[in-house]
Amino acid sequence: MLRLCGVAMMVICGAAAVAQDTQLVLDRGGSTIVFEPYAPNIIRVTLSLQKQPALAPPGYGFTGTPNAAGWSHQHTDEGDTYRSERMSVTLAANKPGGNVLPTQLDIARYFNGSAPGAHITFSTAEGTRLLDMQGWAMAVPNHKDGTAGVLNDKRPSDAPFYQVGATFASPDDEHYYGLGQNQEGYLDHRGHTVECWNNYTATGGPTFCVPLMVTNKGYGVLWDNPSQTTIQPGFNEQTRWTSQVGDRVSFFVIAGGKTDEIYEGYRLLTGSTPMLPKAAYGFIQCKQRYSTQEEVMAVARGYRERRLPADVIVVDWFYYSKMGQMDMVPSNWPDPVAMNKQLHAMGFETMISVWPRFEKGTRYYDLVLKNGWFEHLADGTPMDGLPYDRAGSDIDTTNPAAAKWFWEAVRDNIISKGFDSIWADETEPDLPPNGGYFSIGPGTRYYNVYPLFHTAALYDGFRRDVPHRALILSRDAYPGAQHNGAIFWSSDIYANWDTLRRQIPTGLDVTASGIAYWGNDIGGWQYLPAVHHPAHPPLLDASDARDNVGGYDDYPELYTRWFEYGAFQPNFRTHGSRRYNEVWSYGKQAEPILEKYLRLRYQLMPYIYSLGYQTHQTGAPYMRALFMDFPQDPKVADIRDEYMFGPAFLVAPVTEQGAISRMVYLPGGTDWYNYWTKEKVSGGQTVQVSAPIDTLPLFVRAGSILPLGEMVENTGQVQRLAKIRVYPGANSEFTMYQDDGKTYAYEKGTSSVTTLHWDDGAGKLTQQGVSVGSVDDLVEVVGR
């Protein structure tokens, strides 16, 4: 029997299937299963033992609109299939009997699962299997599973708690990327348990959760549950998702013929990544901490007197008298308004750290307490970190009134002094919310959402009250936070070679999660050990930097290698707990190397800013693990120490102390050029690359078009094109983008877009759109 059902009206399709607007609602054994399309290649699946949660919209962070255009339902004796021109989803019929062993019936006398069976398969329109969901769970917390304790985090008035999860087949050749920030040092999550939640004390370094899992098989899964979620990819030929609290299983499957199509789907579901202020693509100078106004000005003068490019100077914490007072100690900061005016005149923008915490006795504490705006315990008592943490309590910016008030306090006390952007530290929040309560509900249920709400409180305020673009530096992320004008960093990491090595795959998985703007504290945040003797002779002399690096003999070498890597991160920001942290602070041998990469960053600004535009348009990141661009090359599946920076560059940082060369795998299917020597090398092979301390191994893909700018001291200056360098070997295009770099006029079309096209056979570069000048005069073809 075959019946076809549309989804534009209420129709009955068999006894157990109902189409409601954009939802196909199915009943299986007393559970409700819902298929809900968002595009021809995007489907949301919801399963619950309760009908209303199954029918309810997605949770926080999801802003896309369901769209069932082109989808149709087919019911047969084999099950229910929902189909579009891009994919099909089939819920198999439950068939009684089958190959059940007597021992299984015996076991069933004492033990059973929490939910009826459901077998759902996802395939391309051509029939290629993408994903196979084998089962799901929705379990009452209980002592057998060790989950009963979570009930202590629930008030009588709260909705019931269930542990929810789903299990999917995991083919041996399937690889898994994304899932937010994990600092244990691997790229492919296969065979590694991922604890997907905000955890400052996690193994390897702080974690945060963006539950988008992208595979090499043409699909991604975006999990819709904000509680602590554990993913076990590739164990026992299965991938298992388990969320601590929920009342349904809810997830999206995004099919993509190319990896970037998955990010287009993520963008549709959670929002675009806006253009940042152009300064955010330049160099951000920071340390822990500049203690006075004069110190900030001295650093700014140091860069300008040396004619070194830099765009942002950051004022870290303890500029205030008390946490949450939102003042600036007058003896240290006598006139911050005048300071900011001077810095702006010198071509600097300023960022300042603002924590979400309020200490008792500060001027706003009682107001926030009276209004019930703190993250709190069941009896309303504000949560704090006593006895070891005395920094006060976190404001609950999930409360709209609290969020609006917090922004206005920041605006009136901080932004009004001329500061351009906000460093939103402690966005986990630092006081873990399990056992506490937000305005939206129990912290255990909504464990991971604070970064989304807190960055939105600031971003929405900027959009209302400030004419220039928002920039928010956040320690944590969640789906949708990329829409809030935010950049993210890997938190308070250590200053050693092991940490540097692990930063590369850490960042690649963050960007693979749809969070394009990520960076780290160049050089590491933690205080340096008093003594550190390397295994190999240091490549740089530390003797003239001892007042800064102490007995850490190889720290100038470490900082230099880290800085080289930092120049090819989406955001280029130095930070750390050292006495000095400017490019002239690490010795005379290190200084010219650091200056070289600082200038290179600005030379590449026409290329980098154009990459930001492409991310804005598509959602795809431009710091890219190799699997994204070379899916047919199996050797790249778990390469953790190389990546693409846009379509042109392959970056291979040196992370071994004392190394003056390293092995680099060049993916197949293309030729490559050594950026420094211009030597052409065939892809599909591993090569040994010379890497003296002043050289970052850097390759350019054949066919690349690389616009290079004249030197400027900051991105506010007009930067003319110096040349357009072409690396021949394939036809290619590159979209160059320019706008004012400061306002949101680009959203109304006030920008310049130029498409550059290289015809390799003809050896000719042409342009379409806004002219960049005579390309014949600008073009430089490598090797010719």
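Residues numbered from 1 in each chain as written. Predicted model: local features only at pLDDT ≥ 70, side-chain atom pairs only at ≥ 80, totals over all residues. Heavy atoms only, no water.

1. Some thoughts on the state of the cysteines
Filter applied, for reference: We call a pair of cysteine sulfur atoms a disulfide whenever their separation is within 2.5 Å. A run of DSSP states H or I qualifies as a helix once it reaches four residues; a run of E qualifies as a strand once it reaches two. Both are numbered from the N-terminal end. Exposure categories follow from relative accessible area, calculated using a 1.4 Å probe and restricted to protein chains: below 20% of the type maximum is buried, above 50% is exposed, and the middle band is partly exposed.
Counted by the stated rule, this structure contains one disulfide. Across the disulfide, cysteine 196 is cross-linked to cysteine 209 (sulfur-sulfur distance 2.2 Å). Its S-S torsion of about 95 degrees marks the bond between cysteine 196 and cysteine 209 as right-handed, since a negative value means left-handed. Remark: cysteine 209 occurs in the loop between β14 (194-196) and β15 (212-215) and cysteine 196 occurs in strand β14; sequence separation between them is 13 residues. Cysteine 209 carries the same exposure label as cysteine 196, and that label is buried.

2. Quick notes on the layout of surface pockets
Gaps between atoms show up when a probe of the same size as a water molecule is rolled over them. Definition in use: Lining residues are those with an atom within 4 Å of a point, where the points come from a 1 Å grid over the protein atoms alone and group into cavities, where a 1.4 Å probe fits but cannot get out, or pockets, open sets with protein on both sides within 12 Å along at least five of seven lines. Grid points are joined across faces, edges and corners, and a volume is the space filled by probe spheres set on the points. All residues other than Ala, Val, Leu, Ile, Met, Phe, Trp, Tyr, Cys, Pro, Asp, Glu, Lys and Arg, Gly among them, are scored as polar; the first ten of these are nonpolar and the last four charged.
Here the largest pocket defines a volume of roughly 720 Å³. Around the largest pocket, the lining comprises 31 residues; the ones closest to its centre are Asp260, Arg624, Asp629, Pro647 and Arg701. Among the secondary structure elements, those contributing two or more residues to the lining of the largest pocket are α3 (259-270), α13 (605-618) and β44 (732-738). If one sorts the elements of the lining of the largest pocket by residue count, α13 sits on top with four residues. Within this model, the second largest pocket holds a volume of roughly 400 Å³. Mapped by element, the contributors of at least two residues to the lining of the second largest pocket are β11 (129-139), β12 (162-169) and β18 (238-246). The dominant element in the lining of the second largest pocket, judged by the number of residues it contributes, is β12, at five residues. The residue inventory of the lining of the second largest pocket, partitioned by class, reads six nonpolar, eight polar and two charged.

3. Some points on the sheet that holds strand β36 (residues 649-651)
Operational definition: Any two strands are treated as partners once DSSP identifies two or more bridges connecting them.
Pairing within the open sheet is antiparallel, and its six strands lie in the order β34-β35-β36-β41-β38-β39. This sheet does not close on itself; its edge strands, each paired only once, are β34 (623-624) and β39 (680-682). Taken together, the three bridges between strand β38 (residues 671-674) and β39 define a ladder with antiparallel strand orientation. Along β39, the bridge assignment pairs tyrosine 673 with lysine 680.

4. Thoughts on the sheet that holds strand β22 (residues 349-353)
Across the sheet, which stays open at both edges, the eight strands sit in the order β30-β29-β28-β25-β22-β21-β20-β33 with parallel pairing between neighbours. The sheet is open, and its two edges are formed by β30 (518-519) and β33 (572-574), each paired on a single side. Sheet topology places strand β20 (residues 283-285) next to strand β21 (residues 312-315); two bridges connect them, and they run parallel. Opposite glutamine 285, over in β21, you have isoleucine 313 as the bridge partner.

5. Description of the pattern of salt bridges
Let me state the cut-off plainly: Salt bridge, as used here: a side-chain nitrogen of Lys or Arg that lies within 4 Å of a carboxyl oxygen of Asp or Glu.
The full count for this structure, using the stated rule, is 46 salt bridges. Where arginine 501 meets aspartate 498, a salt bridge forms, and the shortest distance between an N and an O atom there is 3.9 Å. Here aspartate 498 and arginine 501 lie together in helix α9 (residues 497-512), a separation of three residues that amounts to about one turn. Under the relative-accessibility criterion, arginine 501 is labelled partly exposed at 32%. The exposure class assigned to aspartate 498 is partly exposed, which follows from its relative accessible area of 39%.

6. Looking at the pairing of β21
Looking down a regular strand, the side chains alternate between one sheet face and the other. Here is the rule we go by: Here, the term right-handed applies to a crossover whose path from the first strand over the helix to the second runs clockwise when the strands point away from the viewer.
Here β21 shows no split at all, with Val312 and Val314 on one side and Ile313 and Val315 on the other all buried. Here β21 runs beside β22; their pairing, made up of four bridges, is parallel. Residue pairing for β22: valine 314 is matched across the bridge by methionine 351. For the crossover from β21 across helix α5 (residues 336-345) to β22, the handedness is right-handed.

7. A few points about the environment of leucine 626
The following threshold applies: Two residues form a contact once any of their heavy atoms are found within 4.5 Å.
Within the element layout of this structure, leucine 626 appears in the loop between β34 and β35 (643-645). Residue classification places leucine 626 among the buried residues on the basis of a relative accessible area of 0%. Considering only alpha carbons, one finds leucine 626 and valine 636, 10 residues apart in sequence, at a separation of 5.9 Å. Leave out the neighbours within four places in its chain, and leucine 626 touches Val636, Ile639, Glu642, Tyr643, Met644, Leu650 and Pro667.

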